[in-house]
Amino acid sequence: MRHLEDEERHMPGFHACWIRDQRRRTSGTAMAAVQTETLAHPTAPVEQALGVSGRRWNFRDLAHFRFVPAELWLLCFLGATLGCCHFRSGSVHAEAPPFQEETPADPYEPLAAGHDAADEGAEAIMPISVQTEPSPQPLDPTPELGPAEPRPGPPDADPALATDAPLSTEQALPSWLKIGGLVEVFYQWNFNRPAGGVTDFRGFDSRHNAFTISNAMLDAQWDYRGVFGRLALQIGHTPATYYLAEPAVSAGEAVNSSDLTLWQFLQEAYVGYRFAALRDLRVSAGLHLSPVGIEDLNIYRNSHWSRSNLFFALPYYHTGVKGRVAFARHWTASLWLVNGYNSVVDNNREKSLVANVAYNADGLAASLLYFGGVERDEGAAEGRAWRHLFDAHASLEVHPKWVLQAHANAGFEAGRLGVAYWAAAALYARHRLLTNLYLATRGDVFYEGSSGGSADARPSPMFWPVSWVASATATLDFRLLDHLSLMLEARHDHAADRLFLASGPTAEGPAPLLPTRSRTQQTLTLGVTAWF
């Protein structure tokens, strides 16, 4: 039994319960053997313990055996007493019943019966589960001699709670519910040393010479009997930046106003239903992250701390209805009807359409997407121009240590003032240097232009105040633990004109002092993100 006690000291939770059960089984068997031997020769246990078996003895012999512990005397006395009790009841040769610890009833068992796999569509940002290792149970100083009696409790106490084993977090949560979250913190040095401490036109790593909380997010996902959904709450510089395009709608007499301050704390909020009989068709409604592009809003799923110029310029989120179906092996298709680009509340009367086909198998993931709709505000000079967006990207694992990615995006919008258009591309490479160390590189370029109309009346820019921007990025990603990443990133940005903030103000006419701008900027960023 000693080896069972030693193992129990080092095994937590249900492992310790199993060890205790085995120890009690062993104790019960040994006790039965002692009882049987006692009936055959009542003094045998005492004689064997004292080493005087085979001859009669009296209490004067105890003087020669002062080394016998008091606990052994007590054990022998109890064994003989229990043996007599069993002899009288007729259960002498029956083995002592093994100890069985009650298993806590699962309060969610009726609900979990209809639960299948969680929703694993494009909207699922992260695997979310909480796994807390239960603390080991303390050992009793002495082994138990038989089956343990149930502990008395209050008259109305739930018998499922009368166990010593603590409930783990997995037992406390139903199988259809997953809880998670993340935190992103970084420090950045901008070699332009912008006067206001802002790294402009760079997306979300936008603070120079400061420790910055980029984003903090808490997430809940569920999938119960076909009903699934997600609620992700967030706060930080990232949501405050990408919600800047959210339409501002003034309040009526009995209606609240709507702008970024109302919605920026939501990353996703949707509910849907899965039709298992229709090729796993999933229909959901609410706020979804955009399917455009290969990069993700949450940094730990990317290879770099900063996002590309394509990610920064293209849409981040859509509000509407989405349907997704697996129409063939490794192939899925989705169709969306949404308000438009980056709009929880629509900025015009028209709705936008998204159609997407994706393939994922054998180290290759690819996507082809079309987005169409009117995106200009009501009363815009360009009129009700329909915007067409085409997006394609692919990721290929060419070697266990190498992953290559490519992203291309283009589109146009024809309106009263002419045709606005753009074209953009990005290339990625990621190499695993060591088991937990990766080196990633990225290069991207984004071009925007217009044609038609007069020189003084052309469509206003859709994305940038300059005709093109480009960047080159290199990142060391050290995955310290399974859910902790430390990234060191160096990035160079270049633009067609003076776009990026630099040090010192400059005077231009009667206007107040304006910040100096540069065509280039270089940054060095150290960031850490953790998630669960």
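Cut-offs used in this document
- Residues numbered from 1 in each chain as written.
- Predicted model: local features only at pLDDT ≥ 70, side-chain atom pairs only at ≥ 80, totals over all residues.
- Heavy atoms only, no water.
- Helix = DSSP H or I, 4+ residues; strand = E, 2+ residues; numbered from the N terminus.
- Buried < 20%, exposed > 50% of the residue type's maximum accessible area, 1.4 Å probe, protein only.
- Contact = heavy atoms within 4.5 Å.
- Phe/Tyr/Trp six-rings, centres within 6.5 Å; stacked < 30°, edge-to-face > 60°.
- Lys NZ or Arg CZ within 6 Å of the ring centre and 35° of its normal.
- Pairing = 2+ DSSP bridges.
- Core = buried A, V, L, I, M, F, W, Y, C linked by side-chain atoms within 4.5 Å.
- Salt bridge = Lys/Arg side-chain N within 4 Å of Asp/Glu carboxyl O.
- pLDDT = per-residue confidence, 0-100.

Colleague: I would appreciate a short explanation of the overall build of the chain in the present structure.
Modeller: Each helix and strand counted, the chain has nine helices and 18 strands in total. Across the 532 residues in the chain, those meeting the buried criterion constitute 41%. If you take every contact in the chain between residues at least 6 apart in sequence, the share linking residues at least 24 apart comes to 62%.

Colleague: Please explain the environment of Gly-363 as it appears in this structure.
Modeller: Among the secondary structure elements, Gly-363 is positioned in the loop between β8 (352-361) and β9 (364-374). Classification of Gly-363 as partly exposed rests on a relative accessible area of 35%. Separated by 33 residues in the primary sequence, Gly-363 and Leu-396 place their C-alpha atoms 5.7 Å from one another.

Colleague: I tried to follow the packing of aromatic side chains on my own but got confused; where do I start?
Modeller: The relative placement of two aromatic rings is captured by the distance of their centres and the angle of their planes. The final tally for this structure, using the stated rule, is 24 aromatic pairs. Aromatic pair Tyr-300 and Trp-531: ring centres 4.4 Å apart, planes at 20°, arrangement stacked. Remark: Trp-531 occurs in strand β18 (residues 520-531) and Tyr-300 occurs in the loop between β5 (281-289) and α9 (309-313); sequence separation between them is 231 residues. Each member of the pair, Tyr-300 together with Trp-531, is buried. A network of ring pairs unites the aromatic residues Phe-201, Phe-204, Tyr-242, Tyr-243, Phe-311, Phe-312, Tyr-316, Tyr-317, Trp-422, Phe-446, Phe-463 and Trp-464 as a single cluster. Sitting over the ring of Tyr-341, Arg-387 keeps its end group 5.3 Å from the ring centre. Here Arg-430 stacks its cationic end above the ring of Tyr-438, 4.1 Å away from the centre of that ring.

Colleague: Where do I start with the environment of Leu-260 in this structure?
Modeller: Along the chain, Leu-260 turns up in helix α8 (residues 260-263). The exposure class assigned to Leu-260 is partly exposed, which follows from its relative accessible area of 23%. Considered as a pair, Leu-260 and Pro-239 are 21 residues apart in the sequence and their alpha carbons are 9.2 Å apart. Here Leu-260 is in contact with Tyr-243, Leu-244 and Glu-246, once residues within four sequence places are set aside.

Colleague: Is there a simple way to explain the pairing of β8 in this structure?
Modeller: Note on strand geometry: in a regular strand, side chains alternate between the two faces of the sheet. Of the pairings in the sheet, the one linking strand β7 (residues 331-338) to β8 comprises eight bridges and is antiparallel in character. Along β8, the bridge assignment pairs Ala-333 with Val-357. Pairing of β8 with β9 involves nine bridges; the strand directions are antiparallel. Within the sheet, the bridge partner assigned to Tyr-359 lies in β9 and is Ala-366. Between the antiparallel neighbours β8 and β9 lie two residues, among them Asp-362 with a positive phi of about 55°.

Colleague: Looking at this structure, I do not really get the nonpolar core. What am I missing?
Modeller: In a soluble, globular protein the nonpolar side chains are often hidden away together inside. Formed by 38 residues in total, the largest nonpolar core has its most connected members in Leu-314, Leu-389, Trp-422, Phe-446, Phe-463 and Trp-464. When contributions to this core are tallied by element, the ones reaching two or more residues are β5, α9, β7, β9 and β12 (418-432). Here the element with the most residues in this core is β12; it accounts for five residues. The next biggest cluster of nonpolar side chains, apart from the first, holds five residues, and it includes Leu-182, Met-217, Ala-232 and Trp-531.

Colleague: When you look at the pattern of salt bridges in this model, what are you seeing that I'm missing?
Modeller: A side chain of one charge can pair with a side chain of the opposite charge when the charged atoms of the two come close. All chains considered together, the criterion is met by 21 salt bridges. Two residues, Arg-376 and Glu-382, come together in a salt bridge whose shortest N-O distance is 3.7 Å. Under the relative-accessibility criterion, Arg-376 is labelled buried at 9%. Taking the shortest distance from any N to any O, the salt bridge between Asp-477 and Arg-479 comes out at 2.9 Å. The exposure class assigned to Asp-477 is buried, which follows from its relative accessible area of 0%.

Colleague: When you look at the pairing of β5 in this model, what are you seeing that I'm missing?
Modeller: Of the pairings in the sheet, the one linking strand β4 (residues 266-275) to β5 comprises seven bridges and is antiparallel in character. Of the residues in β5, the one forming a bridge with Tyr-270 is Gly-286. Note: β5 against strand β6 (residues 317-328), eight bridges, orientation antiparallel. The partner of Ala-285 across the bridge, within β6, is Val-321.

Colleague: What is the right way to look at the confidence of the model for the chain in this model?
Modeller: Close reading of the predicted structure is inappropriate where its pLDDT is low. Across the chain, the average pLDDT comes to 77, with 65% of residues at or above 70. Here residues 1-68 scores under 50 on pLDDT; set against residues more than four positions off or in separate chains, the count is 83 contacts. Contacts from residues 81-165, a stretch scored under 50 in pLDDT, to residues over four places away or in other chains number 137 contacts.

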